[in-house]
Amino acid sequence: MPLRRLDICNVRNLSNVRFEPSPQVNLLSGVNGSGKTSVLEAIHLLSVGRSFRSHKHKTYIQNETNECVVFAQVENPQTDTLLSIGLKRLRDGEIDARIQGNKIQSLVELTDVFPVQLINPDAFRLLEGAPKTRRQFLDWGVFHHNPDFINAWRGWHKALKQRNTLLRRGKISIDLLAAFDQELIRLGSIVNQCRHEYLARLLPVFNTVLARLNSGLEVTLQLYQGWDSQKSFAEAVIASQSRDIESGYSHTGPQRADLKVKTAMGDALDTLSRGQQKLVVSALKIAQGQLLVDSGKPLLFLVDDLPAELDKEHRAKLCQLLETLNSQIFITSVGSEMMDYRWSETTDVRHFSMTNGELSHD
Ligand SMILES: Nc1ncnc2c1ncn2[C@@H]1O[C@H](COP(=O)(O)OP(=O)(O)O)[C@@H](O)[C@H]1O
Ligand SMILES: [Mg+2]
């Protein structure tokens, strides 16, 4: 679902940026601080309702203004019409997100019509950050892949929160807890099953992408499901009940899951160079994007600061892969580095320059 028109108002130094991107490749260049990352930040904001740079909304709303707005028209391939989507964030925290002018109940609806993948210099965090980062990565793919996932996830999460509240209060019997645990087990097992199924699909695509990036790396992905892999979730919950009552929280379950990224020598984080880690993370994200595109869904790829930590050969490989992915791409770069790569003549490539928060089509 390519983005056909984008209006950004009061996001950082972008007071009023309006442009029509290419449905394929968009290259944004400009000096540091000109506002390139802010353009990607605005697109990301529209897709997921939050920035990738900061959790504090006040940091991205332009100083001395009360609200920021991002508005876009995206293609709706099913009906061949344009869909208007918009998000307004007020300084007091309120969010007003709309599709076709109608206020939406949950930001998930935006993510569903307008999925984005981001590769940026912080991408390493996927390997070095807490398990939550990798769970979110995995769940993004599961969510887009399996329509049953979101309801199971929400139900399980609610049951988990209720269980933890109960445990914190203390003085609870195993029998009472067991009664509560039925729903938790039922929904948590679905969440777990969806994650396993998705990872099984992601794995071969990831291996192919990693090879195509000429990384020369052998990397395995394993799902630690949050408890002993030999046990069902029901068995794990039952085995953990007395311990949970004693310590006042839930020890096992999908909330403890992690995606283990390993080489033959150990954790990818401890055994690979920064540049290699960046390739692995890029391969993970491209593989996830590839699966989405293959399932007929649209995807928008944001690549911030392409040259950072990648050599010329690998930059070119990355561009080549992105080009064949058949999704809309936005790439930022300070200088001419990204011109190293020769895009195919049939690809619609648009160059934009950023200067002091103003964007112009070259
Ligand atoms: N809340 C804000 N209000 C106004 N300007 C901001 C705000 N936050 C950051 N900026 C400025 O906006 C610019 C953002 O630049 P950025 O998008 O990071 O540029 P680039 O990616 O091109 O280096 C910087 O010049 C920064 O000083
Ligand atoms: Mg930047």
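Thresholds, definitions, all that
Residues numbered from 1 in each chain as written. Chains lettered and ligands numbered in written order. Predicted model: local features only at pLDDT ≥ 70, side-chain atom pairs only at ≥ 80, totals over all residues. Heavy atoms only, no water. Pairing = 2+ DSSP bridges. Helix = DSSP H or I, 4+ residues; strand = E, 2+ residues; numbered from the N terminus. Axes fitted to C-alpha atoms, helices over the stretch in contact; angles between N-to-C directions. Expected span 1.5 Å × (residues − 1). Buried < 20%, exposed > 50% of the residue type's maximum accessible area, 1.4 Å probe, protein only. Contact = heavy atoms within 4.5 Å. Phe/Tyr/Trp six-rings, centres within 6.5 Å; stacked < 30°, edge-to-face > 60°. Near = heavy atom within 4 Å. Polar contact = N/O pair within 3.5 Å; in protein donor to acceptor, adjacent residues only side chain to side chain. Areas by Shrake-Rupley, 256 points an atom, 1.4 Å probe, with all protein chains shown as cover. Nonpolar A, V, L, I, M, F, W, Y, C, P; charged D, E, K, R; others polar. Domains from an automatic or database assignment. Buried area = accessible area lost by both parts, 1.4 Å probe. Salt bridge = Lys/Arg side-chain N within 4 Å of Asp/Glu carboxyl O.

### Notes on the sheet that holds strand S3 (residues 25–29)
Strand pairing within a sheet occurs via backbone hydrogen bonds; the two strands may be parallel or antiparallel.
Logical step 1: Taken in spatial order, the 6 strands line up as S8-S12-S13-S3-S14-S15 in an open sheet, and their pairing is mixed. At either end of the open sheet lies a strand with only one pairing partner, and these are strand S8 (116–119) and strand S15 (358–361). Each strand of the sheet is rotated relative to its neighbour by a mean of 20°, with strand direction disregarded.
Logical step 2: Here S3 pairs with strand S14 (residues 349–355) via 5 bridges, running parallel. Following the sheet pairing, valine 25 is matched in S14 by valine 349.

### With respect to helix H5 (residues 131–145)
Logical step 1: For H5, spanning 15 residues, the distance from its first C-alpha to its last is 21 Å, which sits close to the expected 21 Å at 1.5 Å a residue.
Logical step 2: Within the sequence span of H5, burial applies to Arg134, Arg135, Phe137, Leu138, Asp139, Trp140, Gly141, Val142, Phe143 and His144.

### Here we look at the sheet that holds strand S5 (residues 81–90)
Logical step 1: The sheet built from 6 strands is open, its strands ordered S2-S1-S4-S5-S6-S7 with antiparallel pairing. With one partner strand each, in any of the chains shown, strand S2 (14–19) and strand S7 (102–103) form the two edges of the open sheet.
Logical step 2: Bridge count between strand S4 (residues 67–76) and S5: 10 bridges; the pairing is antiparallel. Across the sheet, residue glutamate 67 finds its bridge partner in S5, namely leucine 90.
Logical step 3: Set on the sheet, helix H1 (residues 36–48) makes contact with strand S1 (3–11), S2, S4 and S5; between it and S1 the angle comes to about 105°.

### Things to note about the pairing of S15
Logical step 1: Here 4 bridges tie S14 to S15, and the two strands are oriented antiparallel to one another. Bridging from a neighbouring strand, methionine 354 pairs with leucine 359 of S15.
Logical step 2: Counted between consecutive antiparallel strands, the loop separating S14 from S15 contains 2 residues, among which asparagine 356 sits at a positive phi close to 45°.

### What to know about the packing of aromatic side chains
Logical step 1: Per the counting criterion, the structure on display carries 5 aromatic pairs.
Logical step 2: Through a chain of ring-to-ring contacts, three or more aromatic side chains come together here, namely Phe19, Phe330 and Phe352.

### Notes on the site of ligand 1
Logical step 1: Among the 15 residues in the neighbourhood of ligand 1, the closest are listed as Gly33, Lys36, Thr37, Ser38 and Arg53.
Logical step 2: Separating a nitrogen atom of ligand 1 from a side-chain N or O atom of arginine 12 is a distance of 3.4 Å.
Logical step 3: Taking asparagine 63, its main chain carries an N or O atom lying 3.0 Å from a nitrogen atom of ligand 1.
Logical step 4: Starting from 570 Å² of accessible surface for ligand 1 in isolation, the protein chains cover 72%.
Logical step 5: Here the shell around ligand 1 gets 3 residues from one element, more than from any other, and that element is H1.
Logical step 6: Of the residues assigned to the shell around ligand 1, the class counts are 2 nonpolar, 10 polar and 3 charged.

### Notes on the domain arrangement of the chain
Logical step 1: Along its sequence, the chain is carved into domain 1 (1–115 + 298–362) and domain 2 (126–295).
Logical step 2: Measuring from the centre of the C-alpha atoms in domain 1 to the corresponding centre in domain 2 gives 29 Å.
Logical step 3: Of the residues lining the interface, 22 residues belong to domain 1; the matching set on domain 2 comes to 21 residues.
Logical step 4: Of the roughly 1800 Å² buried at the junction of domain 1 and domain 2 (both faces included), carbon and sulfur atoms supply 70%.
Logical step 5: Scanning the region where domain 1 abuts domain 2 turns up 0 salt bridges.
Logical step 6: In this assembly, domain 1 and domain 2 are joined by 3 residue pairs in polar contact (both at pLDDT 80 or more).

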